[in-house]
Amino acid sequence: MSKVTVIDHPLIQHKLTIIRDKNVGTKEFREVVDEIASLMAYEVTRELPTMDIEVETPVAKTTQKTLAGKKLAIVPILRAGLGMVDGIMKLIPAARIGHIGMYRDEETLEPVEYFVKLPEDIDQREVLVVDPMLATGGSAVMAIDALKKRGAKTIKLITLVSAPVGIEMIQKMHPDVEIYTAGLDEGLDEHGYIVPGLGDAGDRLFGTH
Ligand code: PRP
Ligand code: URA
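Every chain is numbered independently, its residues counted from 1 as its sequence is written. Each chain takes a letter, starting from A, and each ligand takes a number, starting from 1, following the order in which they are written. The predicted nature of this model means local features are confined to residues of pLDDT at least 70 and side-chain atom pairs, given and counted, to a pLDDT of 80 or more, with totals for whole chains, interfaces and linings taken over all residues. To get the side-chain values, take all heavy atoms of the structure and skip hydrogens and water.

As recorded in an unreviewed UniProt entry, the protein chain goes by Uracil phosphoribosyltransferase and comes from Weissella kandleri. For the record of the protein chain, the UniProt heading Catalytic activity (unreviewed entry) holds the text "UMP + diphosphate = 5-phospho-alpha-D-ribose 1-diphosphate + uracil". UniProt positions are given in the numbering used here, feature names are shortened, and annotations may be inferred rather than shown by experiment. Per its UniProt entry, the protein chain bears the Sequence similarities (unreviewed entry) comment "Belongs to the UPRTase family."

Engineer: Mind laying out the overall build of the protein chain, listing which residues take part and the relevant values?
Structural biologist: Counting from the N terminus, the helices are DSSP H or I runs at least four residues long and the strands are E runs at least two residues long. Each helix and strand counted, the protein chain has six helices and 13 strands in total. Just to be clear, the radius of gyration here is over C-alpha atoms, and the globule rule we use is 2.2 Å times residues to the power 0.38. Taking 209 residues into account, the globule formula puts the C-alpha radius of gyration at 17 Å, and the protein chain, at 18 Å, falls close to it. In terms of its C-alpha atoms, the protein chain occupies a principal-axis envelope of roughly 65 × 40 × 30 Å. Summary of the burial criterion: residues with accessible area below 20% of their type's maximum are buried, those above 50% are exposed, and those between are partly exposed, where the area comes from a 1.4 Å probe applied to protein chains only. Looking at the protein chain as a whole, 46% of its 209 residues are labelled buried. Surface accessibility follows the Shrake-Rupley procedure with a 1.4 Å probe radius. Residue values consider only the protein chains on display as shielding. When the accessible surface of the protein chain is split by element, carbon and sulfur atoms take 53% of a total near 11,100 Å². One way to put it: in the protein chain the 24 positive side-chain charges average out to a point 5 Å from where the 32 negative ones average out. For the purpose of counting charges, residues Lys and Arg are taken to be positive, whereas Asp and Glu are taken to be negative. His and the chain ends are not included. Think of each charge as sitting on NZ of Lys, CZ of Arg, CG of Asp or CD of Glu.

Engineer: How would you explain the site of ligand 1 if you had to name every residue and give the values?
Structural biologist: By convention in this text, a residue qualifies as near a molecule or strand provided that one of its non-hydrogen atoms is within 4 Å of it. Neighbouring residues of ligand 1: 15 residues in total, closest R104, D131, T136, G137 and S139. A 3.5 Å cut-off defines polar contacts: any pair of N or O atoms within that distance qualifies, except that in protein one atom must be a possible hydrogen donor and the other a possible acceptor, and neighbouring residues in sequence count only when both atoms are side-chain atoms. R104 places a side-chain nitrogen or oxygen 2.7 Å from an oxygen atom of ligand 1. T136 places a side-chain nitrogen or oxygen 2.6 Å from an oxygen atom of ligand 1. Burial of ligand 1 by the protein chains amounts to 91% of its free accessible area of 500 Å². At the level of elements, β6 (99–104), β9 (133–134) and α4 (138–149) are the ones that each hand at least two residues to the shell around ligand 1. Its residues assigned to classes, the shell around ligand 1 shows six nonpolar, five polar and four charged. Note that Gly is not counted as nonpolar here; it falls among the polar residues with everything else outside the nonpolar set of Ala, Val, Leu, Ile, Met, Phe, Trp, Tyr, Cys and Pro and the charged set of Asp, Glu, Lys and Arg.

Engineer: Tell me about the nonpolar core, residues and numbers included.
Structural biologist: The biggest cluster of nonpolar side chains holds 36 residues, and the ones touching the most others in it are I19, M40, I88, I158 and L160. Of all the elements in the fold, those that place two or more residues in this core are α1 (10–20), α2 (26–44), β4 (72–78), α3 (85–91), β8 (126–130), β10 (154–162), β11 (178–184) and α6 (201–206). Here this core gets eight residues from one element, more than from any other, and that element is α2. Apart from the residues within four sequence positions on either side, M40 is in contact with I7, I12, I158, T159, L160, Y180, T181 and A182. Judged by nonpolar contacts, the second largest core, of 23 residues, contains A73, A140, A152 and I170. Remark: nonpolar core denotes a set of buried residues (Ala, Val, Leu, Ile, Met, Phe, Trp, Tyr, Cys) joined through side-chain atoms within 4.5 Å. By definition in these notes, contact holds between two residues if any of their heavy atoms fall within 4.5 Å.

Spelled out as structure tokens, the structure:
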């Protein structure tokens, strides 16, 4: 079953509380999402493999650790996932970026896929799927389906706020996918919004509503 890590670092919790506030405008929302994504990336990359290399300091030769060069891909679910890409890229600048376009039909809450463009060698990369919101889980499940169909094997899902039902959905449909989230909320309202959540992440990031 998918491992779930709730990253409860005080800085992350503090920043998540800031963006939950409905009075926070687009500029600050975008900046703080970016900061949280960076902080989460620190935890998500905790188990990246390292190897020994020789380095000569001004004082002596020594053997020290360096990243073993694992290939990574960051794949935002459009639109809102875009808000998390730069923050993660700050820590792993060599990562390749894929895009999966998906929106939720407002009536049925079913996801609709409209765009997929991934690095050619996605089958050889560890994939970080990013989306601020995991509500019913439909969008993330479909995005992971799209990735697996194209050969992706190792996938992690990184979200800011998750509903229990969304987590259960991933665990049921993609038990191999690890989930990292900054907030595990109470549930969904009648419109499929996470409660208490932070509202419509895409609209708040891009100022479209
Ligand atoms: C939001 C969010 C997720 C999805 C979560 O996207 O960014 O992708 O809803 O809901 P689910 O878990 O019930 O599928 P939205 O459909 O609003 O599209 P947008 O990012 O383009 O605004
Ligand atoms: N999508 C959002 O942007 N917010 C929610 O609360 C649920 C889905």
